[in-house]
Amino acid sequence: MAKALSSSESVLKFIKDKSIEFVDMKFMDFPGQWQHFTVPVSQFNAGSFEDGFGFDGSSLRGWKSIHESDMLIIPAAETMFLDPFIEAPTISLVCDVYEPATKEKYSRCPRNIVQKAEAFLISTGIADTVYFGPEAEFFIFDDVRFDSKPNGSFYMVDSVEGRWNSGKDEGPNLGYKPRYKEGYFPVPPTDHLMDLRNEMVQNLIKCGIDVEAQHHEVASGGQCEIDLRFQPILKAADQLLMFKYIVKNTAHKNGRSVTYMPKPIVGDNGSGMHVHTSLWKKGKPLFAGNGYAGLSEMALYFIGGLLKHAASLIAFTNPTTNSFRRLVPGFEAPVNLAYSQRNRSAAIRIPMYSNSPKAKRVEFRCPDPSSNPYLAFSAILMAGLDGILNRIDPGDPLEKDIYDMAPEELKNVPSTPGSLDEALKALADDHEYLLRGDVFTEDVIDTWIKYKVEREIKPMALQPHPYEFNLYYDV
């Protein structure tokens, strides 16, 4: 019997068998964007998986200063995929970032943080696997324009299926524009994006991602969702970044633009990223039991941890000022810090589609797709583990329709933070649960808060908003 090839040997064999010409190294900056550089195959060999490649880290957001800029990336062989968007035959590899002097993983590398979270889980003995299944919604636009200058700013997005274009002369306008909040989910021709989503799914499958379904989402103007099969935490985070890359590039090749910005359209639904989570040990699910909604005691404590730390957790799961245009009370957004088996306005829902113990999971509905999945998934896991370790009671479920509740009842249900600034202040006050096992560090927490305040909150506070001219120009 032939010896099974290791992951690195399989990569080198694939390069040879498929006549690959380039190897693209992809790695994550601190806020949550993939970065990359490329080497010809002549510079890539078995030693590349140990020695890595040097690069300048001083220009990456939230990373090194100029006097300590040398960094090292080492590719993870198991992440290889054939890149369908590069003309020359090219494979992509996701990489870990290291300190070149010590060969230790860089503490601010988000992929390192999720690996430490997984290791901490195993060290507790509670479980050996945590699965994550994110549902990242997105918009597909046909035209996107924006600018911001000292004397003016604007944005304009457009979609051929945008309801606002129902009266536009499109030479001819054939109608079939989804009504606001009614895009879930009519058949074509009202759904203009069926073929494009199918092409996205085909590219995802070719790159090794297991897709469960695709469909139009609630909003007019091109809101869509493609559901990925749940995976262990590290693979789930890697694949979410692959998903964003593949979806964006498929749209771009078709003359369209994809955004994962949570709230690009006024008056219609924003894009969320409901995150499904479950713990397993030795191949057995741990969240199924005889408690509420078929949950185990462990699952209820996990929910207790999410609810207790939700305000600080949201600093990672909803990390942009735009995130809080979606998390607004009084609409369908999951702003109520409660749990329920059916109430979709609750922050945590227990899906009831199947009675199988393997399907029993917790759905955290607050997150949105602007988040860095390595940081968001790690923070969710650490909050849930804190609930288990400290046996945090989640309280009673929220079973009533939130819209039928009297104001005096509703005031007893806590809400998510109202702004990124509030979430960051909550993180500053409540992050001990993230420091366990050295998963997050004080440096990571401090850098995250400082980056968000200096680069996002303060600039937004200084920028006049276009709508302010509607409100105040004639004062």
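Definitions and cut-offs
Residues numbered from 1 in each chain as written. Predicted model: local features only at pLDDT ≥ 70, side-chain atom pairs only at ≥ 80, totals over all residues. Heavy atoms only, no water. Helix = DSSP H or I, 4+ residues; strand = E, 2+ residues; numbered from the N terminus. Buried < 20%, exposed > 50% of the residue type's maximum accessible area, 1.4 Å probe, protein only. Contact = heavy atoms within 4.5 Å. Areas by Shrake-Rupley, 256 points an atom, 1.4 Å probe, with all protein chains shown as cover. Pairing = 2+ DSSP bridges. Salt bridge = Lys/Arg side-chain N within 4 Å of Asp/Glu carboxyl O. Core = buried A, V, L, I, M, F, W, Y, C linked by side-chain atoms within 4.5 Å. Phe/Tyr/Trp six-rings, centres within 6.5 Å; stacked < 30°, edge-to-face > 60°. Arc of directions from axis to C-beta.

This part takes up the overall build of the chain. Counting its secondary structure elements, the chain contains 14 helices and 18 strands. Its C-alpha atoms give the chain principal-axis dimensions of roughly 65 × 60 × 50 Å. By residue count, 53% of the 475 residues in the chain fall in the buried class. Restricting the contact set of the chain to residue pairs at least 6 apart, pairs at least 24 apart contribute 67%. When the accessible surface of the chain is split by element, carbon and sulfur atoms take 52% of a total near 22,200 Å².

The element strand E11 (residues 223–228) is extensively covered by neighbouring structure, given that six of its six residues are classed as buried. Note that strand E7 (residues 129–141) and E11 share three bridges and pair antiparallel. Looking at E11, one finds that Glu137 is bridged to Glu225. Of the strand pairs in this sheet, strand E10 (residues 211–216) and E11 are connected by five bridges, and their pairing is antiparallel. What sits directly across from His216, in E11, is Cys224. Hairpin connection, E10 to E11: the antiparallel pair is bridged by six residues, and Gly221 has positive phi, about 80°.

What follows is about the pattern of salt bridges. Evaluated as defined, the whole model comprises 22 salt bridges. Taking the shortest distance from any N to any O, the salt bridge between Asp147 and Lys149 comes out at 3.7 Å. Its relative accessible area of 33% is what places Asp147 among the partly exposed residues. For Lys149, a relative accessible area of 47% gives the class partly exposed. Here Asp386 ties to Arg436 by a salt bridge, and the two come within 2.5 Å at their closest N and O atoms. Placement of the pair is Asp386 in helix H9 (residues 373–389) and Arg436 in the loop between helix H12 (432–435) and helix H13 (442–462), with a sequence separation of 50 residues. Exposure remark for Asp386: the relative accessible area of 5% places this residue in the buried category. What emerges from the salt-bridge pattern is a single network uniting Asp24, Lys26 and Asp83.

In terms of nonpolar packing, the biggest core is built from 121 residues, with Phe138, Ile226, Phe243, Leu279, Phe377, Leu381 and Phe440 touching the most fellow members. Here this core gets 12 residues from one element, more than from any other, and that element is helix H5 (residues 233–253). Setting aside residues no more than four positions away along its own chain, Phe377 makes contact with Phe132, Pro134, Ile233, Ala236, Ala237, Leu240, Met273 and Val275. Of all hydrophobic cores here, the second largest spans five residues; its members include Phe139, Phe141, Ala219 and Ile265.

Evaluation of the coordinates by the stated rule reveals 22 aromatic pairs. Here Phe44 and Phe53 contribute two aromatic rings whose centre-to-centre distance is 6.2 Å and whose plane-to-plane angle is 10°, an arrangement assigned as stacked. Following the ring pairs from residue to residue traces out a cluster consisting of Phe30, Phe316, Phe440 and Trp448.

Two residues of an α-helix separated by three or four positions point the same way, owing to the 3.6 residues in each turn. Taken as a whole, helix H11 (residues 420–429) has its buried residues at Leu420, Ala423, Leu424, Ala426 and Leu427. Looking down the long axis of H11, one finds its buried residues gathered within 155° of arc, a one-sided arrangement. Exposed side chains of H11 directed beyond 90 degrees from the buried face belong to Lys425 and Asp429. Elements that come into contact with the buried residues of H11 comprise helix H7 (310–317), helix H8 (323–326), H12 and H13.

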